[in-house]
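The primary structure of each chain is shown beneath.
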Amino acid sequence: MATLRRDGRVTALQRLGCAGLAGALSLSLTAPLELLTVLAQVGTWHCRRGLRGAGRSLCHSEGVRALWKGNLTACLRLCPYSALQLAASRRLVTLFMDELGHISHWRAIMAGSLAGMVATIMTYPTDVIKTRLIVQNRLEPSYEGILHAFYKIYHQEGFLALYRGVSPAILGAVPFSAGSFFVYISLDKIWQEPIVRFTPLQNFINGCVAAAVAQTLSFPFETVKRKMQAQSPWLPHYGGVDVHFTGMADCFRQTVKNKSVLGLWSGLTPSLLKIVPYFGVMFSTFEFCKRICLYRNGYIESPLNYKLTPGVDQSLHPQELRELKLLRRENFEPRKSVLEN
């Protein structure tokens, strides 16, 4: 069993800001690996020479800046996605709790998965735009930017084109949740100690392992999703997709027929390679931003460590602590004498 634990010393807006900044920085640093993953999933010509060859071919033909194609869209998508996921997750966790406020690990993972599905559906058009920006030639672009891509896709292909591939994205949440749950329930057996005693390093390793297993299991759905997002009769070479299909089931069938079953896992290597730096940068950045917020709120002495400020009640919420400080200031402030006036 588990309980919903959140640091009440940081406001919801501060928590969202920390998560947004940490996510944007980790996305930007691992953007080249994400780009190579998408290109391999779609099956563009760059990937015929392998992972390193694809990177060299892309840099030679479009320049080094091409390695960050679509990254701005991914970063802009992060804030609404995180906000929706957080709101949905809090609501679902509350619904899944028992009378004592406890929730099982399986239900917690299910709540997180369902919240991710809600956020994915609501922000899905930005994911389609990111894929289109990645697969296009930066020197001869079909889309001049995010808004132009949205406008052009909507007017040329219709509103439903902005949700092309959403079915495998939703279906992929099932093996993703199963993989996460399998790793989570095995952690205490792997470390041979209770989950509540895990160190930050153990939690980081657990997150990486869970993400790797879950991503590997759900990767075929991710591959089909990317192919469906990229394919368009309005783009040169149909978006560079290596197989042509009429729907999700046909995409699975054509991929296996032309590239074997392993074709569904094309791009898994760069996707797994980015997990450790992605989570490492995200966790470290989030913790540093959180320390800054705790310092500004008055709970710790320095943003460089977690040393608590003497005499401060750590159970108080930020607003309560501010009100207490204001009350103390008013009580101890020397009042001006009437004679002075």
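Residues numbered from 1 in each chain as written. Predicted model: local features only at pLDDT ≥ 70, side-chain atom pairs only at ≥ 80, totals over all residues. Heavy atoms only, no water.

Draft legend 1. Just the UniProt feature "repeat: Solcar" (unreviewed entry) in the protein chain, in detail. On the UniProt side, "repeat: Solcar" (unreviewed entry) is annotated at positions that read residues 10-95, 103-190 and 198-292 here. Spanning residues 10-95, this segment combines 79% helix with 0% strand, and its end C-alpha atoms are found 24 Å apart. Between the end C-alpha atoms of residues 198-292 there is a gap of 25 Å, over a span that is 71% helix and 0% strand. (UniProt positions renumbered as here; feature names shortened; annotations may be inferred. Helix = DSSP H or I, 4+ residues; strand = E, 2+ residues; numbered from the N terminus.)

Draft legend 2. Seen up close, the nonpolar core. Counting residues in each nonpolar core, the largest one holds 19 residues, and the members touching the most others are Leu35, Leu39, Val42, Leu58, Val241 and Phe245. Here the element with the most residues in this core is helix H2 (residues 31-42); it accounts for five residues. Not counting residues up to four positions away in its chain, the partners in contact with Leu39 are Thr44, His46, Cys47, Leu58, Ile134 and Val135. Leu27, Cys75, Leu78 and Met282 belong to the second-largest nonpolar core, a separate cluster that totals twelve residues. (Core = buried A, V, L, I, M, F, W, Y, C linked by side-chain atoms within 4.5 Å. Buried < 20%, exposed > 50% of the residue type's maximum accessible area, 1.4 Å probe, protein only. Contact = heavy atoms within 4.5 Å.)

Draft legend 3. Representation of a nonpolar patch on the surface in the model. The grouping of Phe150, Tyr154, Phe159 and Leu160 at the surface amounts to a nonpolar patch, some 450 Å² of accessible area in total. Tracing the sequence through the fold places Tyr154 in helix H6 (residues 146-157). When its relative accessible area of 40% is taken as the criterion, Tyr154 is described as partly exposed. (Patch = residues over 30% accessible without salt bridge, like charges linked within 9 Å, V, L, I, M, F, W, Y side chains within 5 Å. Areas by Shrake-Rupley, 256 points an atom, 1.4 Å probe, with all protein chains shown as cover. Salt bridge = Lys/Arg side-chain N within 4 Å of Asp/Glu carboxyl O.)

Draft legend 4. Summary view of the packing of aromatic side chains. Scanning the entire structure with this criterion turns up seven aromatic pairs. The interplanar angle of 45° and the centroid separation of 5.6 Å between the aromatic rings of Phe279 and Phe283 together place this pair among those described as tilted. With Phe279 and Phe283 both in helix H12 (residues 275-297) and four residues apart, this pair spans about one turn of that helix. What makes Phe279 buried here is its relative accessible area of 17%. A relative accessible area of 35% places Phe283 in the partly exposed class. Linked through ring pairs, Phe204, Tyr278, Phe279 and Phe283 together constitute an aromatic cluster. Over the ring of Tyr299 we find Arg9; its NZ or CZ atom is 5.8 Å from the centre of that ring. The ring of Tyr278 has Lys274 lying over it, and the distance from NZ or CZ to the ring centre is 6.0 Å. (Phe/Tyr/Trp six-rings, centres within 6.5 Å; stacked < 30°, edge-to-face > 60°. Lys NZ or Arg CZ within 6 Å of the ring centre and 35° of its normal.)

Draft legend 5. Looking closely at helix H3 (residues 50-62). Taking 1.5 Å of rise per residue, 13 residues should cover 18 Å, and H3 covers 18 Å from first to last C-alpha, within 8% of that figure. Buried within H3 are the following residues: Gly53, Ala54, Gly55, Ser57, Leu58 and Glu62. Lining the buried residues of H3 we find H2. With its phi angle positive at about 95°, Gly63 sits one or two positions after the end of H3. (Expected span 1.5 Å × (residues − 1).)

Draft legend 6. Fine view of unusual backbone geometry. Residues other than glycine seldom take positive phi values, yet His237 does so here, at roughly 55°. Relative to the elements of secondary structure, His237 occurs in the loop between helix H9 (200-230) and helix H10 (248-259). A relative accessible area of 72% means that His237 is categorised as exposed. Of note, the phi angle at Tyr238 is positive, near 55°, even though the residue is not glycine. Along the chain, Tyr238 falls in the loop between H9 and H10.

Draft legend 7. View of the UniProt feature "transmembrane region" (unreviewed entry) in the protein chain. According to UniProt, the "transmembrane region" (unreviewed entry) feature falls on residues 105-124 and 161-184. Counting secondary structure, residues 105-124 comes out at 100% helix and 0% strand; the distance between its end C-alpha atoms is 28 Å. A distance of 37 Å separates the end C-alpha atoms of residues 161-184, which is 75% helix and 0% strand.

Draft legend 8. Looking closely at the packing of H2 against H9. The interhelical angle for the contact between H2 and H9, taken along N-to-C directions, is 80°, at an axis separation of 8 Å. By the angle between their directions, the pair H2 and H9 is classed as roughly perpendicular. Along its contact with H2, which presents Glu34, Thr37, Val38, Gln41 and Val42, the element H9 presents Phe219, Glu222, Thr223, Arg226, Lys227 and Ala230. Here the contact of H2 with H9 is composed, by residue class, of four nonpolar, three polar and four charged. (Axes fitted to C-alpha atoms, helices over the stretch in contact; angles between N-to-C directions. Parallel < 35°, antiparallel > 145°, perpendicular 65-115°, else oblique. Nonpolar A, V, L, I, M, F, W, Y, C, P; charged D, E, K, R; others polar.)

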